[in-house]
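Architecture and fold: a report
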Amino acid sequence: MDHKRDIFSSRRAAIFAMAGSAIGLGNIWRFPYMVGEHGGAAFILVYLFATVFLSLPIFLSESIIGRRTHLGPYGAMAKLAPGTPWKHVGLLTICSAMIIISFYSVVGGWSVDYLFKAIRLEFLPERSEQVSSMFGSMISNTWLPILCHTAFLGLTAVIVVLGVRKGIERFSKISMPVLFVLIVAIMCYSLSLPGAGEGVAYLVKPDFSRLDASAVASAMGQSFFSLSLGVGTILTYSSHIRKSENLITSGLGTSLFDLLFAILAGFAVMPAVFAAGIEPGAGPGLIFETLPYIFSSMGVQMPVLSSVIAILFFLTILIAALTSSISMLETGVTYLVEEKGLRRRTAVIILFGFTWALGCLCSLSFGPLSGVKLFGKTIFEFCDSLTSDFLMTLGGLLFTLFVGWKMFRADVRDELTSGGLYPANAKIFKFTYFLIRYVAPVVIGVVFVTNLLM
Ligand code: TRP
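All values derive from a computational prediction rather than experimental measurement. (Residues numbered from 1 in each chain as written. Predicted model: local features only at pLDDT ≥ 70, side-chain atom pairs only at ≥ 80, totals over all residues. Heavy atoms only, no water.)

Scanning the protein from N- to C-terminus turns up 18 helices and 0 strands. Scaling as 2.2 N^0.38, a compact globule of 454 residues should have a C-alpha radius of gyration of about 22 Å, and the protein matches this with 21 Å. Seen through its C-alpha atoms, the protein measures out along the principal axes to roughly 65 × 50 × 45 Å. Long-range contacts, defined as pairs at least 24 residues apart, comprise 83% of the intrachain contacts of the protein with a sequence gap of at least 6. Entry remark: accessible area of the protein is about 17500 Å², with carbon and sulfur atoms responsible for 69%. Taking the 32 positively charged and 25 negatively charged side chains of the protein as two groups, their mean positions are separated by 12 Å. (Helix = DSSP H or I, 4+ residues; strand = E, 2+ residues; numbered from the N terminus. Rg over C-alpha atoms; globule rule 2.2 N^0.38 Å. Contact = heavy atoms within 4.5 Å. Areas by Shrake-Rupley, 256 points an atom, 1.4 Å probe, with all protein chains shown as cover. Lys, Arg positive; Asp, Glu negative; His and termini not counted. Charge placed at Lys NZ, Arg CZ, Asp CG, Glu CD.)

Looking at the ligand, there are 17 residues lining it, with A22, L25, G26, Y104 and F225 nearest. Measuring from an oxygen atom of the ligand, one finds a backbone N or O atom of G26 at 2.9 Å. Put simply, the parts of the chain that give the shell around the ligand at least two residues each are α1 (11-22), α2 (25-37), α5 (86-119), α10 (213-226) and α14 (303-340). Looking at the shell around the ligand, its residues break down into 8 nonpolar, 9 polar and no charged. (Near = heavy atom within 4 Å. Polar contact = N/O pair within 3.5 Å; in protein donor to acceptor, adjacent residues only side chain to side chain. Nonpolar A, V, L, I, M, F, W, Y, C, P; charged D, E, K, R; others polar.)

A separate point is the environment of F225. Take F225: it is sitting in helix α10. With 98 residues separating them in the primary sequence, F225 and R127 have C-alpha atoms 36 Å apart. Filtering out sequence-adjacent residues up to four positions away, F225 remains in contact with G26, R30, Y104, S388 and M392.

This part covers the pattern of salt bridges. Summed over all chains, the structure comprises 13 salt bridges. Salt-bridge contacts for E245 lead to R11; the nearest nitrogen and oxygen are separated by 2.7 Å. Remark: R11 occurs in helix α1 and E245 occurs in the loop between α11 (233-238) and α12 (247-275); sequence separation between them is 234 residues. Since its relative accessible area comes to 9%, E245 is described here as buried. Ionic pairing is found between K243 and E415, a salt bridge with its closest N-O pair at 3.2 Å. (Salt bridge = Lys/Arg side-chain N within 4 Å of Asp/Glu carboxyl O. Buried < 20%, exposed > 50% of the residue type's maximum accessible area, 1.4 Å probe, protein only.)

With that out of the way, let us pick up the packing of α5 against α14. Two elements in contact, α5 and α14, have axes separated by 8 Å at closest approach and are oriented at 155°. The angle between α5 and α14 places the two elements in the roughly antiparallel class. Crossing of α5 against α14: the hand is left-handed. Split by residue class, the contact of α5 with α14 holds 22 nonpolar, 6 polar and no charged. (Axes fitted to C-alpha atoms, helices over the stretch in contact; angles between N-to-C directions. Parallel < 35°, antiparallel > 145°, perpendicular 65-115°, else oblique. Left-handed = near helix turned anticlockwise from the far one by under 90°.)

Here the focus is the side chain of S238. Summarising the element assignment, S238 is placed in helix α11. Within the local environment of S238, its side chain forms a polar contact with the backbone oxygen of I234, the two atoms lying 2.7 Å apart.

With that out of the way, let us pick up unusual backbone geometry. Positioned with a positive phi, H70 is a non-glycine residue whose angle comes to about 55°. Position of H70 among the secondary structure elements: in the loop between α3 (41-69) and α4 (73-80).

Attention shifts here to the packing of helix α7 (residues 143-161) against helix α15 (residues 344-364). For the pair α7 and α15, interaxial distance at closest approach is 10 Å and the crossing angle is 155°. Here α15 runs roughly antiparallel to α7, going by the angle between their axes. Considering how the two elements wind past one another, α7 and α15 form a crossing that is right-handed. Where α7 abuts α15, its residues P145, I146, H149, T150, L153, G154, A157, V160 and V161 lie against R344, V348, F352, T355, W356, G359, C360, S363 and L364. Across the contact of α7 with α15, the residue classes break down as 11 nonpolar, 6 polar and 1 charged.

A few words on the side chain of T432. Tracing the backbone through its elements, the reader meets T432 in helix α18 (residues 423-453). Residue classification places T432 among the buried positions, given a relative accessible area of 8%. Each residue touching T432, except ones within four places of it in the same chain, is listed here: L60 and L416.

So, on to the packing of aromatic side chains. The full count for this structure, using the stated rule, is 29 aromatic pairs. Where F31 meets Y47, the ring centres are 5.2 Å apart and the plane angle is 70°; that geometry is what we call edge-to-face. Here Y47 lies in helix α3 and F31 lies in helix α2, a separation of 16 residues in the sequence. Residues F31 and Y47 agree in their burial class; the two are buried. Each residue in the set F103, W110, Y114, F123, F135, F288, F313, F314, F366 and F380 is aromatic and connected to the rest through ring pairs, giving one cluster. Across from the ring centre of W405, 3.8 Å away, lies the NZ or CZ of R437, which sits over that ring. (Phe/Tyr/Trp six-rings, centres within 6.5 Å; stacked < 30°, edge-to-face > 60°. Lys NZ or Arg CZ within 6 Å of the ring centre and 35° of its normal.)

Structure follows, in structure tokens:
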């Protein structure tokens, strides 16, 4: 298929786009909570290990496949392993990305609603009693969450229609710096609250006794999820990186930004939670129930400041979620444009329709469809756990196996050194290749099988 392909204009643009994909809801609510739950700084240490020895090898594997071919997951695998079933692996990962965006967009929709609530000053002190219960009644409502999900997905679609360079690159270049400024501002506010120290201690005190096997598995899962691995998204973005670019640098840069944002988010969320004397809870409850309550109860002393912070906080969540959802949609769009010859706009409309419909089912599973269960889970929970616990790990495993065992060693080396442009990379090639070929697949394989059996 002959089509013109965009290339990210610079290294910074590529890293910002990939960091945009990586930084999302996973960093804002999952990371802070998990750190506290699994032993503070001790968990961060394991998380770092998992990132370097498992996530980075998957990240590089996806980058190598994408940049080598300048094609999406399906086309890339069909080209590198013609006549084999590998292309179906590519297709499977694309389907995973489409499932993730469906439920991710529902949560993105909640953040749209909460942003409007914050703007309408619904989190004022005199209302703090109603604030926590607002969440339950909002998500179980039929139409409002669907409307917000539609708005969120619509925004995603508009950016993706504009293309990689004019849409994705431009949006990421503006939103990444904005996100960092916002999260630092919120962190300063949070740290200034009386009693914030306990929240800091919750995050930094290493408690090795809580580091059990489940903590290690969680650290790994969180690291995969946070870096958007296993669903062909990093592969797709990497296919727009120019040949002379250093893949190792962009992988490291993206992971560092992602980690930094997660830690900043931890210091933005937890001190506020402890200052309000609330037990940190898991999941969306933390950002949609607890924090609005905190904004409103803290507002007694500083109503204007806390209203502004509430608006900024939900704006941060919205932007972070958007930069992730555009990367998921782009993964599917690339397939339809490249392999089916559709126009970008048509591809976006088709995928919008599919993910919108599945997203509606996910949204309704908090309300009218809450009784519909698949393997004991609601539709939303099922889509979440199918992808996070199963498909993402499987995808990551298959990508490393493909690069480690199916591709030619010389080609892998050529990509990692960008055709010899980066001699320093040649020095660490052996080690990196060892991680991709043996360490990552074995460890991920063990965890995958254990998850499957449990
Ligand atoms: N990394 C995103 C976050 O932290 C979530 C995510 C998971 C994702 N898988 C993805 C984003 C695939 C894009 C593509 O919120």
